[in-house]
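Geometric and topological summary
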Amino acid sequence: MNRDKEYPLDKEMQQNLQKLLVAVNLFRQHYGKPMSVSSGYRPAAINSKVKGAAKKSNHMKCLAVDFKDSDGAIDKFCMNNLKILEACGLWLESPDATPEWCHLQCVPPKSGNRVFKP
Ligand SMILES: [Zn+2]
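Here's a quick rundown of the structure. Quick caveat, the model's predicted, so the values are computed rather than measured.

Notes on the environment of Tyr41
Topologically, Tyr41 is positioned in the loop between strand E1 (37-39) and helix H3 (44-47). Note on Tyr41: relative accessible area 17%, which makes it buried. Once the C-alpha coordinates of Tyr41 and Asp71 are considered, the two residues, 30 residues apart in sequence, prove to be 23 Å apart. When neighbours within four sequence positions are excluded, Tyr41 is seen to be in contact with Arg3, Asp4, Tyr7, Pro8, Leu9, Met13, His59, Met60 and Cys62. Here the side chain of Tyr41 touches Tyr7 through a polar contact of 2.9 Å, landing on its backbone oxygen.

Some words on the pattern of salt bridges
In the structure shown here, the tally under the stated rule is 3 salt bridges. Residues Lys117 and Asp96 are paired through a salt bridge, measuring 3.2 Å at the closest nitrogen-oxygen approach. Remark: Asp96 occurs in the loop between strand E3 (91-93) and strand E4 (101-105) and Lys117 occurs in the segment after strand E5 (115-116); sequence separation between them is 21 residues. The exposure class of Lys117 is exposed, given its relative accessible area of 59%.

What to know about the coordination of the zinc ion
For the zinc ion, every protein donor is listed as His59 (NE2), Asp66 (OD) and His103 (ND1), and the spread of their distances is 2.0 to 2.1 Å. Here the donor residues of the zinc ion are spaced in sequence according to H-x6-D-x36-H. Pair noted here: Asp66 is in strand E2 (residues 64-68) and His103 is in strand E4, with a separation of 37 residues, a long-range link. By relative accessible area, which is 5% here, Asp66 ends up buried. On the basis of relative accessible area, His103 is assigned to the buried category, the value being 6%.

Considerations on helix H2 (residues 11-31)
The first and last C-alpha atoms of H2 sit 30 Å apart over 21 residues, in line with the 30 Å expected at 1.5 Å per residue. Among the residues of H2, those classed as buried are Met13, Asn16, Leu20, Ala23, Val24, Phe27 and Tyr31. The arc that holds every buried residue of H2, seen down its axis, measures 100 degrees, which confines them to one face. Opposite the buried face of H2, at more than 90 degrees from it, the exposed residues are Lys11, Val22 and Gln29. Summarising the contacts, the buried residues of H2 are in contact with E2, helix H4 (73-80), helix H5 (82-88) and E4. The opening residue of H2 is Asp10, an N-cap whose side-chain oxygen sits 3.1 Å from the backbone nitrogen of Glu12. Gly32, located one to two residues past H2, shows a positive phi value of around 75 degrees.

Reading the values: rules and limits
- Residues numbered from 1 in each chain as written.
- Predicted model: local features only at pLDDT ≥ 70, side-chain atom pairs only at ≥ 80, totals over all residues.
- Heavy atoms only, no water.
- Helix = DSSP H or I, 4+ residues; strand = E, 2+ residues; numbered from the N terminus.
- Buried < 20%, exposed > 50% of the residue type's maximum accessible area, 1.4 Å probe, protein only.
- Contact = heavy atoms within 4.5 Å.
- Polar contact = N/O pair within 3.5 Å; in protein donor to acceptor, adjacent residues only side chain to side chain.
- Salt bridge = Lys/Arg side-chain N within 4 Å of Asp/Glu carboxyl O.
- Donors = N, O, S within 2.8 Å, 3.2 Å for Na, K, Ca; no water.
- Expected span 1.5 Å × (residues − 1).
- Arc of directions from axis to C-beta.

Written as C-alpha cells, this is what we have:
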C-alpha cells in the first residue's frame, strides 16, 4: 500500500518484517493454496483509525499480518495444524475474534498460547 513511503520503517521494523516474511512464506508452503493479505503494516496514525484494532497492535511493528479468510479456511487449517504454526514460529489470533480474516504474528502473545484471544 506504499505506507512505508509516508511512514518509513525503522531498523527494528525492517528486521521484524524480514522475520515475519520468512515465517509466513514457510506457512504458505504448508498451506499450499493462494493467500491474500488484507492488512499488513499499519503505521500508528493508521492503526488508530482501524475499528477494533489493538492500541499496541503487532501490525504497527511489522510483526503481524492479516489474510483474507471469509470462509474461515485458513483459520481452520491453522487450528488443525498447530504443529505447523509452531514449526513456522507463528501464533494465531483466535478465529472467534477474526470472522473475515486470519491474523498471524511472529511473536508470542502475553499468554504464550499458540492460539490466543486478543
Ligand atoms: Zn491482525
